[in-house]
Amino acid sequence: MLFDFATTASFDVDPQNTFTPCCPNELAVPGGDTIVGALNAQSALARLRIGSKDAHAPNASWVATPEQPMFSSVGTPDVDIRWNAHAVVGTYGFELLEGLPHPRDYDFFVWKGMEPDMHPYGACYHTLDWKAKPKSTGVIEYLKVEGIRTVIVGGLATDYCVKNTAMQLADAGFNVVLNLASSASAVSTLRAASASACASASRPPVVPEWPTSSSSSTSSPRAMSSSRALGSRSSPTKNRWP
């Protein structure tokens, strides 16, 4: 697959400690702490790098309790179910994974879910029911002003924030490439939204292993030499992802 560097953006969706085994009492995703190299590699294919974070309040209305456990219904306009407390602003779980840029160094950055009674999943809208009540975070408008046509999406976690962000981008008319060893249900949903699933199913979960040095090679069906495929962020024209 060829990417036009000038019209491609890379989107790091919520790659935070809260979604890794480093925070076992929050929302740990197995392997979530291993995706930094893959996110940095995908950014080399794109002119713009976008990022997002969950940014939750300590008194959020959706926090699970022994009486009202995880996944129990909340049913308010912008909260569907309960979750363990996670990504609380100012905590270790809120921070991006080590090895990623600081939010100030991204070209555009989104913080979402700051209101105690709002828990969106996608990074493009502040509202949960984004089709009925779209309250934009501004990222779609930014990408369109910048002339972006393709967005490579990776991050945490596959079946919630990454999936919904990719669907929102596809709905807005972007060509979306999902850089994830995604679950079958997420991939089929995204295909229905005209997104492209370009993941290696041999590396579940989270993100397929892309080589990050010119001499690297893997046993994955999509293993490649990074000098041929990844280039650098200053690459002038097109980069290839097989």
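Keep in mind it's a predicted model, so treat the numbers as computed, not measured. (Residues numbered from 1 in each chain as written. Predicted model: local features only at pLDDT ≥ 70, side-chain atom pairs only at ≥ 80, totals over all residues. Heavy atoms only, no water.)

Here's the deal with the overall build of the protein
Line of reasoning, step 1. Counting its secondary structure elements, the protein contains five helices and ten strands.
Line of reasoning, step 2. Summarising the internal contacts of the protein: among those between residues at least 6 apart in sequence, 68% fall at separations of at least 24.
Line of reasoning, step 3. Accessible area of the protein: about 10600 Å², with a carbon and sulfur share of 53%. (Helix = DSSP H or I, 4+ residues; strand = E, 2+ residues; numbered from the N terminus. Contact = heavy atoms within 4.5 Å. Areas by Shrake-Rupley, 256 points an atom, 1.4 Å probe, with all protein chains shown as cover.)

Focus: unusual backbone geometry
Line of reasoning, step 1. Across the junction of Leu156 and Ala157, the peptide omega takes the value -10 degrees, indicating a cis bond.
Line of reasoning, step 2. The backbone of Asp14 shows a phi angle near 50 degrees, a positive value even though the residue is not glycine.
Line of reasoning, step 3. Looking at where Asp14 falls in the secondary structure, it is placed in the loop between β2 (8–13) and α1 (36–43).
Line of reasoning, step 4. The backbone of Phe71 shows a phi angle near 75 degrees, a positive value even though the residue is not glycine.
Line of reasoning, step 5. Assignment of secondary structure puts Phe71 in the loop between β3 (48–54) and β4 (73–76).

Quick notes on the nonpolar core
Line of reasoning, step 1. Counting 45 residues, the largest nonpolar core has Phe11, Leu143, Leu169 and Phe174 as its most contacted members.
Line of reasoning, step 2. Considering each element in turn, this core owes the most residues, five residues, to helix α3 (residues 158–171).
Line of reasoning, step 3. Setting aside residues up to four positions removed in sequence, Phe11 forms contacts with Gln42, Ile50, Gly51, Ser52, Ala123, Val139, Val151, Ile152, Val153, Gly154, Thr165 and Leu169. (Core = buried A, V, L, I, M, F, W, Y, C linked by side-chain atoms within 4.5 Å. Buried < 20%, exposed > 50% of the residue type's maximum accessible area, 1.4 Å probe, protein only.)

Side note on the side chain of Thr150
Line of reasoning, step 1. Mapped onto the fold, Thr150 is located in strand β7 (residues 150–155).
Line of reasoning, step 2. The class for Thr150 is buried, based on a relative accessible area of 11%.
Line of reasoning, step 3. Not counting chain neighbours up to four residues away, the residues in contact with Thr150 comprise Phe3, Thr7, Thr8, Ala9, Asn175 and Val177.

Remarks on α1
Line of reasoning, step 1. Buried residues dominate α1, accounting for six of its eight residues.
Line of reasoning, step 2. Taken together, the buried positions of α1 are occupied by Val36, Ala38, Leu39, Ala41, Gln42 and Ser43.
Line of reasoning, step 3. Next to the buried residues of α1 lie β2, β3 and β7.

A closer look at the packing of aromatic side chains
Line of reasoning, step 1. For the structure shown, the criterion picks out eight aromatic pairs.
Line of reasoning, step 2. Consider the rings of Phe71 and Trp83, whose centres lie 5.3 Å apart with planes at 75 degrees: the pair is edge-to-face. Linking Phe71 in the loop between β3 and β4 with Trp83 in the loop between β5 (79–81) and β6 (108–112), this pair joins segments that are twelve residues apart in sequence.
Line of reasoning, step 3. Exposure remark for Trp83: the relative accessible area of 6% places this residue in the buried category.
Line of reasoning, step 4. Measuring from centroid to centroid gives 5.2 Å for Tyr106 and Phe109, while their planes differ by 65 degrees, and the two rings are edge-to-face.
Line of reasoning, step 5. Of the residues examined, Phe109 reaches a relative accessible area of 11% and is grouped as buried.
Line of reasoning, step 6. Ring pairs connect the aromatic residues Phe71, Trp83, Tyr121 and Tyr160, which therefore count as one cluster.
Line of reasoning, step 7. Over the ring of Phe94 we find Lys53, and its NZ or CZ is 3.7 Å from the ring centre. (Phe/Tyr/Trp six-rings, centres within 6.5 Å; stacked < 30°, edge-to-face > 60°. Lys NZ or Arg CZ within 6 Å of the ring centre and 35° of its normal.)

A look at the pairing of β4
Line of reasoning, step 1. Judged from the two bridges that link them, β4 and β5 form a sheet pairing that is antiparallel. Its bridge partner being in β5, Thr76 is matched across the sheet by Val79.
Line of reasoning, step 2. Taking the residues between adjacent antiparallel strands as the criterion, β4 and β5 are bridged by two residues. (Pairing = 2+ DSSP bridges.)

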